Amino acid sequence: MVFYFTATGNSLYVAKQLDEERLSIPQEMNKENRHYKAERIGIVCPLFEFEIPSLVKDFIQDSEFEAGYFYLVVTYGMHHGGVAGRTHAWLESIGKPADYVNTIIMHDNALIVFDMDQQRSIEAEKQVDAHIDAIRSDIAAKRVMVQQAPADEIDFYQKFVAWIKQTGPMYTFPLYKVTDGCVGYRSGITLAAQTAWPAFRRAPQRRSSLSQ
Ligand SMILES: Cc1cc2nc3c(=O)[nH]c(=O)nc-3n(C[C@H](O)[C@H](O)[C@H](O)COP(=O)(O)O)c2cc1C
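Small disclaimer: the values here were computed from a predicted structure and weren't measured.

S.K.: So what's going on with the overall build of the chain? Residues and values would help.
M.R.: In terms of helices and strands, the chain carries seven helices and eight strands. Sequence-distant contacts in the chain: of pairs separated by 6 or more residues, those separated by 24 or more amount to 71%.

If you want it as C-alpha cells, here you go:
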C-alpha cells in the first residue's frame, strides 16, 4: 500500500512503480477515521522548500498505520538538503518511526525558479528510472535505511533557512495576477515576480539520490 501526494506527477510516477495499491493523500484526507493495515506501507511526496508538504505531515500525523515496514520516498529537483534525516527525526517525535527514508531526484517543477526547457535537457542525467529500480529493490528487501546527507547539502539547507529568515518567504500567494488581458484570446495571467534565492539560480547539481 502506497500513499502519494503529487502536484505535477513526479511522485505519482514513482508511486506507480512501488505498489499496485495506491491511494491519493488528498482523497484519503476526506475520510474521518483513517486506519490502514498492510505488510508494507509507503508515502511518496514532493519536497517543498526542503520539507515534506504540510498536507502530507497532517495526513501522517492524523492517520494510523499498521505495517510490518513503513517507508517514505521524497521526490525533489535539485537539492534535498538533508530532508530524509529531518523527516525521520520528525516521524520519531510523533511516534511513527519509519524503516526507510530516501529521496529521488527528478524534473524540478518550481516554475518560478527554473527554466523548464533547461530542466528537460538534464533529465536523462538524473537517471530517474534506475533510481526507482534501486528504491523498489530496497523496499522489496525491507531495507532499513535513512539517507545520509553530505555536508554540502546540509550547508545548502542551512544557508537557505538563514536567507528566508532575512528576506521572508520565497513565495507570496497568489502566485499569479489576473488582468484585463485574460478576456479574449491572449492570456493575461502572469506569474507574480518573486525574489528567488540566488543560489537556486546556479546550475543544478545532479547527485544520485542513492549515493550514501
Ligand atoms: C513550491 C515548490 C518548492 C520546491 N522546493 C524544492 C526544494 O526545496 N528542493 C528541490 O530540490 N526541489 C524543490 N521543488 C521541486 C519539486 O520537489 C520536484 O519537482 C518534485 O519532484 C515535484 O513532485 P510532484 O510532481 O509529485 O509534485 C519545489 C517545487 C515547488 C513547486
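S.K.: Can you break down the site of the ligand residue by residue, with the values?
M.R.: A7, N10, S11, P46 and T75 are the nearest of the 21 residues found near the ligand. Of all elements in the fold, only helix 1 (10–18) and strand 4 (64–76) reach the threshold of two or more residues within the shell around the ligand.

S.K.: If you had to explain the pairing of strand 4 to someone new, which residues and values would you point to?
M.R.: Two elements, strand 3 (residues 35–46) and strand 4, share 11 bridges in a ladder whose sense is parallel. Bridged to H35 within strand 4 is E64. With helix 3 (residues 54–61) bridging strand 3 and its parallel neighbour strand 4, the resulting β-α-β unit is right-handed. Here six bridges tie strand 4 to strand 5 (residues 100–105), and the two strands are oriented parallel to one another. For V74, the partnering residue across the bridge sits in strand 5 and is T103.

S.K.: A description of the nonpolar core should follow, citing residues and the corresponding values.
M.R.: Counting residues in each nonpolar core, the largest one holds 38 residues, and the members touching the most others are Y4, V44, C45, V73 and V74. A per-element tally of this core places strand 4 first, with six residues. Non-local contacts of C45, meaning those with residues more than four positions away in its chain, are made with Y4, F5, S11, I52, P53, V56 and V74.

S.K.: Can you explain the environment of D155? Please cite residues and give values.
M.R.: Relative to the helices and strands, D155 resides in helix 7 (residues 151–167). Distance from D155 to G82, taken between C-alpha atoms, is 9.4 Å for residues 73 residues apart in sequence.

S.K.: Quick one: what's the story with the pairing of strand 3, residue by residue and with numbers?
M.R.: As paired elements, strand 1 (residues 2–4) and strand 3 share three bridges and run parallel to each other. Looking across to strand 3, one finds that F3 is bridged to I43.

S.K.: Describe the packing of helix 1 against helix 6 (residues 128–140), listing the residues and the values that go with them.
M.R.: Between helix 1 and helix 6, whose axes approach to 10 Å, the crossing angle comes to 45°. Taken together, helix 1 and helix 6 sit at an angle that is classed as oblique. As for the relative orientation of helix 1 and helix 6, their crossing is right-handed in sense. On helix 6, the residues touching V14, Q17 and L18 of helix 1 are I132, R136 and I139.

S.K.: Tell me about the sheet that holds strand 6 (residues 145–146), residues and numbers included.
M.R.: On the basis of which strands lie adjacent, the open sheet formed by six strands has the order 2-1-3-4-5-6 and parallel pairing. Two strands close off the open sheet at either side, each with one partner strand: strand 2 (22–24) and strand 6. Sheet strands touched by helix 4 (residues 83–93): strand 4, strand 5 and strand 6. Its angle to strand 5, the strand with the most contacts, is close to 150°. Strands strand 3, strand 4, strand 5 and strand 6 of the sheet are contacted by helix 6, whose axis makes an angle of about 170° with strand 5.

S.K.: Could you give me a rundown of the confidence of the model for the chain, with the residues and numbers involved?
M.R.: Caution is warranted with low-pLDDT regions, since their predicted coordinates should not be read in detail. With 86% of its residues at a pLDDT of at least 70, the chain reaches an overall mean of 88. Segment residues 203–209 is flagged for pLDDT under 50; beyond a separation of four residues in sequence, or across chains, it makes 13 contacts in the model.

Conventions adopted
- Residues numbered from 1 in each chain as written.
- Predicted model: local features only at pLDDT ≥ 70, side-chain atom pairs only at ≥ 80, totals over all residues.
- Helix = DSSP H or I, 4+ residues; strand = E, 2+ residues; numbered from the N terminus.
- Contact = placed C-beta atoms within 7 Å.
- Near = placed C-beta within 6 Å.
- Pairing = 2+ DSSP bridges.
- Right-handed = clockwise from strand over helix to strand, strands pointing away.
- Core = buried A, V, L, I, M, F, W, Y, C linked by C-beta atoms within 7 Å.
- Buried ≥ 20, exposed ≤ 12 C-beta atoms within 10 Å, placed from the backbone.
- Axes fitted to C-alpha atoms, helices over the stretch in contact; angles between N-to-C directions.
- Parallel < 35°, antiparallel > 145°, perpendicular 65-115°, else oblique.
- Left-handed = near helix turned anticlockwise from the far one by under 90°.
- pLDDT = per-residue confidence, 0-100.

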